[in-house]
Amino acid sequence: MAKLILSMDGLVLKEIALNKERLTIGRKPHNDIQIDNLAISGEHAVVVTILNDSFLEDLNSTNGTLVNGQPIKKHILRNNDIVELGKYRLKYMAGEAEPSGDFEKAQAFRPGMAKLASEMELAPTSGSPTRSNIGVPPPPPPAPTIPGAAIQLLNGPNAGKELELTKTLTTLGKPGLQVAVIARRPHGYFITHVEGKQFPVVNGQALDAQAHPLGDHDIVEIAGIKMEFFLKA
């Protein structure tokens, strides 16, 4: 699991595991990482973690956020990145990536990245037992498959168009205004807020910062665009 190491003047203050999809940083007590210093804004920055990727976004802070000495608004965190908030530093340590059968990064964050695939095939053991296979447990059963899904736009200039959710992560919305992702997981489809003051709305209810499961024919609204999520046979 990835983590952040908070330090000041070379002294390590704490380690924070990135075990939440949304982790806030700021001076106010409600933040996940509270830094009680006047150089830090009340809500300074946020780290969004989706699967094995973490994204840092500055929340229009007064003094800004630096990564490796450069000011950023949004940044894909990489192993050993140094995030500077005033006199404080956060070092990003990436955890070990889990094997993935067909993993695609969201194009909104990594445009042009090729699909990453890692496949492992286990040949079945046949014939009578031998010294090499006695006591060896059988391969685990295949992971449950979920039906395909798509979204259909209900308003706007592209009303009526469909987008199949074939990627592990599908990014929706308008950068700088409101962005969300739909993640295809082994046990269903989930929508997560990524960027913007307004959260996605599902069936008329605004979501919070946590991932929300999507059901067949749910109506989703992102950046003023309404769309219907539906499962495909």
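Just above, that's the structure.
These figures come from a predicted structure and were not determined experimentally.

1. A word on the side chain of Thr49
Among the secondary structure elements, Thr49 is positioned in strand β5 (residues 45-50). Reaching out from Thr49, the side chain makes a polar contact with the side chain of Ser54 at a distance of 2.9 Å. Setting aside residues up to four positions removed in sequence, Thr49 forms contacts with Leu18, Lys20, Glu21 and Ser54.

2. Comments concerning the pattern of salt bridges
Within this structure, the stated rule accounts for five salt bridges. Across the pair Asp32 and Lys20 runs a salt bridge whose closest N-O atoms are separated by 2.5 Å. Remark: Lys20 occurs in the loop between β2 (11-17) and β3 (22-26) and Asp32 occurs in the loop between β3 and β4 (33-34); sequence separation between them is twelve residues. With a relative accessible area of 34%, Asp32 lands in the partly exposed category. Where Glu164 meets Lys232, a salt bridge forms, and the shortest distance between an N and an O atom there is 3.2 Å. Highlighted residues: Glu164 in strand β13 (residues 162-164) and Lys232 in the segment after β21 (225-231), separated in sequence by 68 residues. Note on Glu164: relative accessible area 44%, which makes it partly exposed. The class for Lys232 is partly exposed, based on a relative accessible area of 28%.

3. Examining the sheet that holds strand β9 (residues 74-76)
Across the sheet, five strands lie side by side as β4-β3-β5-β6-β9; this open sheet has mixed pairing. The open sheet has two edge strands, β4 and β9, and neither has a second partner. Note: strand β6 (residues 53-58) against β9, three bridges, orientation antiparallel. Following the sheet pairing, Leu56 is matched in β9 by His75.

Criteria and cut-off values
- Residues numbered from 1 in each chain as written.
- Predicted model: local features only at pLDDT ≥ 70, side-chain atom pairs only at ≥ 80, totals over all residues.
- Heavy atoms only, no water.
- Helix = DSSP H or I, 4+ residues; strand = E, 2+ residues; numbered from the N terminus.
- Polar contact = N/O pair within 3.5 Å; in protein donor to acceptor, adjacent residues only side chain to side chain.
- Contact = heavy atoms within 4.5 Å.
- Salt bridge = Lys/Arg side-chain N within 4 Å of Asp/Glu carboxyl O.
- Buried < 20%, exposed > 50% of the residue type's maximum accessible area, 1.4 Å probe, protein only.
- Pairing = 2+ DSSP bridges.

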